[in-house]
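Here's the letter readout for the chains.
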Amino acid sequence: MKTENIESAYAYAKERFAAIGVDTDAAIAKMNEIHLSLHCWQADDVAGFENAGSLTGGIQATGNYPGKARNIDELRADIAKVKTLLPGTHRLNLHEIYGDFAGERVDRDQVEPRHFESWMQWAKENNMKLDFNSTSFSHPKSGSLSLSNPDKGIRDFWIEHTKRCRAVAEEIGKRQGDPCIMNLWIHDGSKDITVNRMLYRSLLKDSLDEIFAQKYDNMKDCLESKVFGIGLESYTVGSSDFYTAYCAQNNKIVTLDTGHFHPTESVADKVSSLLLYVPELMLHVSRPVRWDSDHVTIMNDDTLDLCREIVRCNAIDRVHIGLDYFDASINRIGAYIIGARATQKCVLLALLEPIESLRKYEAADKGFERLAMLEELKSMPWGAVWDMYCLRNNVPVGEEYIAEIESYEAEITSKRN
Ligand code: RNT
Ligand code: ZN
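Thresholds applied
- Residues numbered from 1 in each chain as written.
- Chains lettered and ligands numbered in written order.
- Predicted model: local features only at pLDDT ≥ 70, side-chain atom pairs only at ≥ 80, totals over all residues.
- Heavy atoms only, no water.
- Helix = DSSP H or I, 4+ residues; strand = E, 2+ residues; numbered from the N terminus.
- Rg over C-alpha atoms; globule rule 2.2 N^0.38 Å.
- Contact = heavy atoms within 4.5 Å.
- Donors = N, O, S within 2.8 Å, 3.2 Å for Na, K, Ca; no water.
- Tetrahedral: all angles 85-135°; square planar, octahedral: opposite > 155°, others 65-115°.
- Pairing = 2+ DSSP bridges.
- Axes fitted to C-alpha atoms, helices over the stretch in contact; angles between N-to-C directions.
- Salt bridge = Lys/Arg side-chain N within 4 Å of Asp/Glu carboxyl O.
- Buried < 20%, exposed > 50% of the residue type's maximum accessible area, 1.4 Å probe, protein only.
- Right-handed = clockwise from strand over helix to strand, strands pointing away.
- Near = heavy atom within 4 Å.
- Polar contact = N/O pair within 3.5 Å; in protein donor to acceptor, adjacent residues only side chain to side chain.
- Areas by Shrake-Rupley, 256 points an atom, 1.4 Å probe, with all protein chains shown as cover.
- Nonpolar A, V, L, I, M, F, W, Y, C, P; charged D, E, K, R; others polar.
- Core = buried A, V, L, I, M, F, W, Y, C linked by side-chain atoms within 4.5 Å.

Asker: Sorry, what's going on with the overall build of the chain here?
Answerer: Secondary structure assignment for the chain yields 14 helices and 10 strands. Here the chain has a C-alpha radius of gyration of 22 Å; the compact-globule value for 417 residues is 22 Å, and the two agree. Taking the principal axes of the C-alpha coordinates as reference, the chain spans close to 65 × 55 × 40 Å. Looking at the chain alone, contacts between residues at least 24 apart form 81% of all its contacts between residues at least 6 apart.

Shown next as structure tokens:
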């Protein structure tokens, strides 16, 4: 792409946006303050480094495109590659099963900060901050119930795991001088009609209370609900109502995974309600196709609406934007980049809205003017602003990243098997 063409297209775009009261340079500057939390699990189909066998817990990565990361070095190489293709600086979201166990068998109730020592160093060297997740799935004790299991032995095992994960997150946060956001998602549920829903939910509540009794300063907890899991279709202990209420009562962060609601439910509409009751939100941006399929995020109305709502609520500082999809059927680095860049484009587009004029129209009951402006925004030259953002960050502009990923595949990932 010729730099002079990007610049002249940008000059034109800048003028067009200025005419409707939008400062494109300010939007680009704001983009640099937004850091995605990149999900490490896209690189290896949620396998992790425990050699535990198959993925369980009602989630599934489909496809067998060659080249997945097989070990910690490969995963790190892939993330380092991803970094070079994204504008801005980003965080890395680790799951507990991605610890550096160095051949040792470390059960989930034994994990310690030292297992993440090399990650903390790597992250520092690579200018990335880390986020964290406890891992309830893919383990002999996972079953269909973990923190809500009536069997005290199993429940205590997962309570211990989660407590230890919080200690790991606290150490990470302390060392990076920035809170580590720890997500808690458990798969607990049941396949068929459940007649003691209250029991499992009250057990989950008690387990969470015990886990959160320890207060920390360098980590923040977020809790993720869902509608159902594969093989757990009839009942989910950690439903949306459950965690919304729990988080509101306990001042915890709500995680909104965009694949975890009924297909016609608007996740965007939840932002302004939740933020009146909970301190912050964590997003798992995903793309559900007919179900919670974890397809690669693209620029679609769902993602756009969500980003617009965050900006319209003036809540960028209260929302952590994480990605959560795992497509094993296409080039995995490519999947990372498509989803991350699509999310960034949606945020940029949201920042390019003439929100004040739109609100003036709304207040004056000028419904035609409001709708017309929203329609016109769709064909404004925002692509030129995106290109300039990439150019200023020295990353490939437009489709240029396709060739880069192809050569990484030719040289690196195609040689893995
Ligand atoms: C599962 C949840 C959860 C996982 C990751 C791997 O439905 O979305 O966030 O995808 O923790
Ligand atoms: Zn998720």
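Asker: Help me understand the coordination of the zinc ion (ligand 2), please; the structure alone is not making it clear to me.
Answerer: Where a metal carries four tetrahedral donors, each ideal angle is 109.5 degrees; where it carries six octahedral donors, the ideal angles are 90 or 180 degrees. Around the zinc ion (ligand 2), the donor atoms from the protein are Glu 224 (OE), Asp 257 (OD), His 284 (ND1) and Asp 324 (OD), and they sit 2.1 Å away. Here the zinc ion (ligand 2) binds 6 donor atoms, and the angle range of 72 to 169° at the metal identifies the geometry as octahedral. Taken in chain order, the donor set of the zinc ion (ligand 2) reads E-x32-D-x26-H-x39-D. With Asp 257 in strand E8 (residues 253-257) and Asp 324 in the loop between strand E10 (319-323) and helix H10 (332-351), this residue pair connects regions lying 67 residues apart in the sequence.

Asker: Please explain the sheet that holds E10 as it appears in this structure.
Answerer: Two strands in a sheet stick together by hydrogen bonds in their backbones, pointing the same way (parallel) or opposite ways (antiparallel). Within the closed barrel, the 8 strands sit side by side as E1-E2-E3-E4-E6-E8-E9-E10. Their pairing is parallel. Each strand of the sheet is rotated relative to its neighbour by a mean of 30°, with strand direction disregarded.

Asker: Help me understand the pattern of salt bridges, please; the structure alone is not making it clear to me.
Answerer: Summed over the entire model, instances satisfying the criterion amount to 33 salt bridges. The salt bridge partner of Lys 30 is Glu 33, with a shortest N-O separation of 3.0 Å. We classify Lys 30 as partly exposed; its relative accessible area is 26%. Measuring nitrogen to oxygen at the nearest pair gives 3.7 Å for the salt bridge that ties Glu 353 to Arg 308. Of the two residues, Glu 353 sits in the loop between H10 and helix H11 (355-363) while Arg 308 sits in helix H9 (residues 301-312), which places them 45 residues apart along the sequence. The two residues Glu 353 and Arg 308 agree in class, both being buried. Each of Asp 305, Arg 308, Glu 309, Arg 312 and Glu 353 takes part in salt bridges that share partners, so that together they form one network.

Asker: Could you clarify how one ought to interpret the pairing of strand E4 (residues 180-184) in this entry?
Answerer: Of all 5 residues in E4, 5 are buried, a share of seventy percent or more. By the alternation rule, side chains of E4 split into Cys 180, Met 182 and Leu 184 and Ile 181 and Asn 183, which are all buried. Pairing geometry for strand E3 (residues 130-133) and E4, over 2 bridges, is parallel. Along E4, the bridge assignment pairs Phe 132 with Met 182. Between E3 and its parallel partner E4, the chain crosses via helix H5 (residues 152-176), and the hand of that crossover is right-handed. Across 5 bridges, E4 lies against strand E6 (residues 219-224) in parallel orientation.

Asker: Even after reading the chapter, I still don't get the site of ligand 1, so can you show me in this structure?
Answerer: Every one of the 13 residues lining ligand 1 counts as a neighbour, but His 95, Glu 224, Lys 226, Asp 257 and Asp 324 are closest to it. One of the side-chain N or O atoms of Lys 226 is found 2.8 Å from an oxygen atom in ligand 1. One of the side-chain nitrogen or oxygen atoms of His 284 is found 3.2 Å away from an oxygen atom of ligand 1. Taking 310 Å² as the accessible area of ligand 1 by itself, protein coverage stands at 100%. Looking at the shell around ligand 1 residue by residue, the class counts come to 5 nonpolar, 3 polar and 5 charged.

Asker: Please clarify how the nonpolar core should be interpreted in this entry.
Answerer: In globular proteins that are soluble, nonpolar side chains generally tend to be buried together. Of all hydrophobic cores here, the largest spans 120 residues; its most connected members are Trp 119, Phe 132 and Leu 208. Take this core: its biggest share by element is 11 residues, from H10. The contact partners of Leu 208, leaving out residues within four places of it in the chain, are Leu 147, Leu 184, Leu 223, Phe 242, Tyr 243 and Tyr 246.

Keep in mind these numbers describe shape, not what the thing actually does.
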